[in-house]
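# Coordinate inspection notes
Given next are the chains, with one letter for each unit.
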Amino acid sequence: MTYDVVIVGAGVAGCTAAILYGRAGLRVALIEKHHNISTHKVLCGHFVLAGTQPMLRRTGLWEAMVEAGAVTGHISRWTAAGWFVPEPGLPQPISLRREKLDPLLRTIAAGTPGVDLMLGRTVTGLLESGGRVAGVRVGDEEIHARLVVGADGHRSPVARLAGVTEDVAPNERFGWWAYYRGVISGGPGGNQIWSLDPDVGILIRTDDDLHMLVAFPAKARLGSFQADRAAALERFIASLPDAPDLSSAERVSKVIGTNDYPCIRRDPAPRPGLVLVGDAAITGDPTPAVGCGWAFRAAEWLVESTAPALRDGSDPAAGVAGYRRALRFVEAHDRLGRQDARARPANRVQRLITKAAMRDPELGRRVYLFSMRAIPVSAMVNAGTVLRALRAVMRR
Ligand SMILES: Cc1cc2nc3c(=O)[nH]c(=O)nc-3n(C[C@H](O)[C@H](O)[C@H](O)COP(=O)(O)OP(=O)(O)OC[C@H]3O[C@@H](n4cnc5c(N)ncnc54)[C@H](O)[C@@H]3O)c2cc1C
């Protein structure tokens, strides 16, 4: 079988790329190892930051998610300087549990002309021709394509098959959460994050009238979460300033999470004919909830960069280089994310900007957009920001 593009992995990145390549008029094989269209990623908080909103709206995925029950709304942030509540009009995040998001994206992909969703097929090898990756092997079957896209998650078997090296950085926090019904919020707005420096707590409203309560403590507290995770999670949440009231809430899920989730980076275009997207290229720290947003956005950049050449039959190499350039936006954020994943106390400049953001609305807006990954790192981390912060703090 021959396609324009083979995509390995029907998660967020793979489905999005398949939908957009299909809409661009290309023939796409979307290969997923799970048999059931409803199988979903359990280890995921699914809070998609506001920086992804324009892309989701452009592609119609925002409306599809809202129709499936997704909840939108700003997130207020607690720091030692108090609550920061974003002003109305700023872009909003969106939350839809993966048990709904994954089947939704797969269904949209499968219904897109040109896309063949192949469930229950595990990619076990790469095909090579003339020094290029030219397709994939699924058991005895060969599927040829001009571009192979590894969208197969943080372990990326495709990257392993291609011998791609990994750049791994430690994550000094661990994370556990559960879903509750009947939570009464104690802080401002529907969604809240507590930056306790270094521990992080999160309350997210999501579909089905549920709240997700999350603890991302520094690893020094691992011991306290070992014996009874549900009790430890609820103790952690109860200790937060303006903590939500759980007295009439019911836990409706298991406690889900991980004790260790290192950050991984791989070359997004490691071989001619092969690209990586989503977690396969950059697996960030889960604490700031960036991964799904990056997967959506990187898939769009990939398709925008490579579809024209794939359509007219020319070499996609220049387009792949364009994709690599677009991904620098994520890489710059990820560099800072890796520092934050070390769970060290905020430095003086960070503390200064946090404090100033409470006094200077423009700075507050910039900090919010940065935390939502809506602006490049360079728009936040610069001398102008520090000077503005100093002025704001000295004014009062
Ligand atoms: C604890 C935790 C909390 C998180 N919370 C958030 C959050 O709140 N917000 C957010 O935006 N992100 C969050 N993330 C990150 C998010 O889960 C990932 O970034 C996102 O799932 C990446 O999407 P993806 O499509 O690249 O990979 P995945 O969603 O992992 O999809 C990969 C797909 O590839 C398939 N596959 C793998 N190997 C093969 C093979 N050999 N053949 C065929 N198919 C294969 C898999 O079955 C899977 O369907 C969190 C992550 C963790 C660990």
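Procedures and definitions
Residues numbered from 1 in each chain as written. Predicted model: local features only at pLDDT ≥ 70, side-chain atom pairs only at ≥ 80, totals over all residues. Heavy atoms only, no water. Disulfide = S-S within 2.5 Å. Buried < 20%, exposed > 50% of the residue type's maximum accessible area, 1.4 Å probe, protein only. Domains from an automatic or database assignment. Patch = residues over 30% accessible without salt bridge, like charges linked within 9 Å, V, L, I, M, F, W, Y side chains within 5 Å. Areas by Shrake-Rupley, 256 points an atom, 1.4 Å probe, with all protein chains shown as cover. Salt bridge = Lys/Arg side-chain N within 4 Å of Asp/Glu carboxyl O. Helix = DSSP H or I, 4+ residues; strand = E, 2+ residues; numbered from the N terminus. Polar contact = N/O pair within 3.5 Å; in protein donor to acceptor, adjacent residues only side chain to side chain. Contact = heavy atoms within 4.5 Å. Near = heavy atom within 4 Å. Nonpolar A, V, L, I, M, F, W, Y, C, P; charged D, E, K, R; others polar.

This part takes up the state of the cysteines. By definition, a disulfide is the covalent link that joins the sulfur atoms of two cysteine residues. A complete count under the given rule lists 0 disulfides for this structure. For Cys15, which is in no disulfide, the shortest distance to another cysteine sulfur is to Cys292 and amounts to 12 Å. The class for Cys15 is buried, based on a relative accessible area of 0%.

This next bit is on the domain arrangement of the protein. Per the domain assignment, the segments of the protein are domain 1 (2–46 + 97–170 + 262–339), domain 2 (175–258) and domain 3 (346–395). Computed over C-alpha atoms, the centres of domain 2 and domain 3 are 27 Å apart.

On the surface, Leu387, Leu390 and Met394 cluster together into a nonpolar patch covering about 320 Å² of accessible area. Looking at the secondary structure, you find Leu387 in helix α12 (residues 383–395).

Along the chain, Gln192 falls in strand β14 (residues 191–195). Taking relative accessible area as the criterion, Gln192 reaches 0% and is therefore assigned buried. A polar side-chain atom of Gln192 sits 3.1 Å from the main-chain carbonyl oxygen of Gly187. Beyond its immediate sequence surroundings of up to four residues, Gln192 is in contact with Ile75, Ser76, Trp83, Ser185, Gly187, Gly201, Ile202 and Leu203.

As a further point, take the site of the ligand. Around the ligand lies a shell of 35 residues, among which Glu32, Gly45, Arg98, Asp279 and Cys292 are the nearest. Here an oxygen atom of the ligand and a side-chain polar atom of Lys41 are 2.8 Å apart. Backbone polar atom of Ala289 to an oxygen atom of the ligand: 3.4 Å apart, as the coordinates give it. For the ligand, the protein covers 94% of the area, taking 1000 Å² as the surface of the free molecule. For the shell around the ligand, the secondary-structure elements that each account for two or more residues are α1 (12–23), β2 (28–32), α4 (98–110) and α7 (291–312). Considering every element that reaches the shell around the ligand, the biggest residue donor is α7, with 4 residues. For the shell around the ligand, the per-class residue count stands at 17 nonpolar, 10 polar and 8 charged.

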